[in-house]
Amino acid sequence: PLTHLAQICGQEKEECLGNLEMVIRGGMILKKGDELSFVHDKVREAAYTLINQEEQARLHYKIGMSLYSMGDIETVEENILFTIVNQLNLAGELLNEEEKGLLIDLNLRACRIAKLSAAYKAALNFIIQAMRWIPEHIWESDYELALSLFNERAAVEFLNANFEKAEEYYDVIMLKAKEDLDKTTVYRLKLEYLNGTGMFCDAIHEGIRFIKKLGIS
């Protein structure tokens, strides 16, 4: 929206619109109410290639952080959240450690929203981006976050039919989880995996084994 663009540029709407007047008249940008869009993806791509990589990263950072600062991230619309996350993911190494921590949380939230909407490929991309920034010893430094990230990664790998990859994350959780109850999500996913691949006897044995670990006879 023009309102967001003006805020990102630090301008009033009228000034921002005036700066765009030539390209709007030239038909390269379409304006409908407060909405602005390139006339075609090829035009957007061509404009993007005119910007060097360092400047691209700076712009992505500025756009992402400006949108983030405009309101309460807990109540922001899903499409705005996805825009913020995608912009900051493209900002790369410009983020400081605190901002990387924020980006992990935002990607995790975006992953869960996308998964609930059955947008499994998008969910996988978000969780991959979240895990891109985790510290080396996250299981020791932030156990709850590590458990959440690895559970989500296993789940969305499974939902994308990447069964072997999902198994890798199952194994890490089984190794690192401190309590048997922390393994319940991964056991459920593993049982779904075994059932989905026709390994019904293995699913039954795994289920019985886990029930016994919980002290249920």
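The notes below deal with the structure included here. Because the structure is predicted, anything quoted here is derived from the model rather than measured. (Residues numbered from 1 in each chain as written. Predicted model: local features only at pLDDT ≥ 70, side-chain atom pairs only at ≥ 80, totals over all residues. Heavy atoms only, no water.)

### Notes on the nonpolar core
Within soluble globular proteins, side chains that are nonpolar tend to cluster in buried spots. Core analysis: the biggest nonpolar cluster contains 49 residues, and Ile 127, Trp 139, Leu 149, Phe 150 and Tyr 170 have the highest contact counts within it. For this core, the secondary structure elements donating two or more residues are helix H5 (53-68), helix H6 (78-91), helix H7 (97-116), helix H8 (120-132), helix H9 (138-141), helix H10 (143-159), helix H11 (163-176) and helix H12 (184-196). Broken down by element, this core gets its largest block of residues, 10 residues, from H10. In this structure, Tyr 170 is in contact with Ala 154, Phe 158, Val 186, Leu 189, Lys 190 and Tyr 193, ignoring residues within four places of it in sequence. (Core = buried A, V, L, I, M, F, W, Y, C linked by side-chain atoms within 4.5 Å. Buried < 20%, exposed > 50% of the residue type's maximum accessible area, 1.4 Å probe, protein only. Helix = DSSP H or I, 4+ residues; strand = E, 2+ residues; numbered from the N terminus. Contact = heavy atoms within 4.5 Å.)

### Re H11
Here H11 spans 20 Å end to end across 14 residues, near enough to the 20 Å set by a 1.5 Å rise per residue. Taken residue by residue, H11 has Ala 166, Tyr 169, Tyr 170 and Ile 173 as its buried positions. Angular distribution of buried residues about the axis of H11 spans 110 degrees; they occupy a single face of the element. Residues of H11 that are exposed and angled more than 90 degrees away from the buried face: Glu 164 and Leu 175. Buried positions along H11 lie against H8, H9, H10 and H12. (Expected span 1.5 Å × (residues − 1). Arc of directions from axis to C-beta.)

### Brief notes about the pattern of salt bridges
Counted according to the given criterion, the structure contains 10 salt bridges. Put simply, Lys 13 and Asp 34 hold a salt bridge, and the shortest N to O gap is 3.3 Å. Of the two residues, Lys 13 is situated in helix H2 (residues 13-19) and Asp 34 in the loop between strand E1 (29-32) and strand E2 (35-38); the sequence distance between them amounts to 21 residues. On the basis of relative accessibility, which here comes to 25%, the residue Asp 34 falls in the partly exposed class. Connected via shared salt-bridge partners are Glu 93, Glu 97 and Lys 100. (Salt bridge = Lys/Arg side-chain N within 4 Å of Asp/Glu carboxyl O.)

### As for H10
With 17 residues, H10 extends 24 Å between its outermost C-alpha atoms, agreeing within 8% with the 24 Å of an ideal straight helix rising 1.5 Å per residue. For H10, the buried fraction is high: 14 of the 17 residues fall into the buried class. After H10 finishes, the residue Ala 161 shows a positive phi value of roughly 65 degrees.

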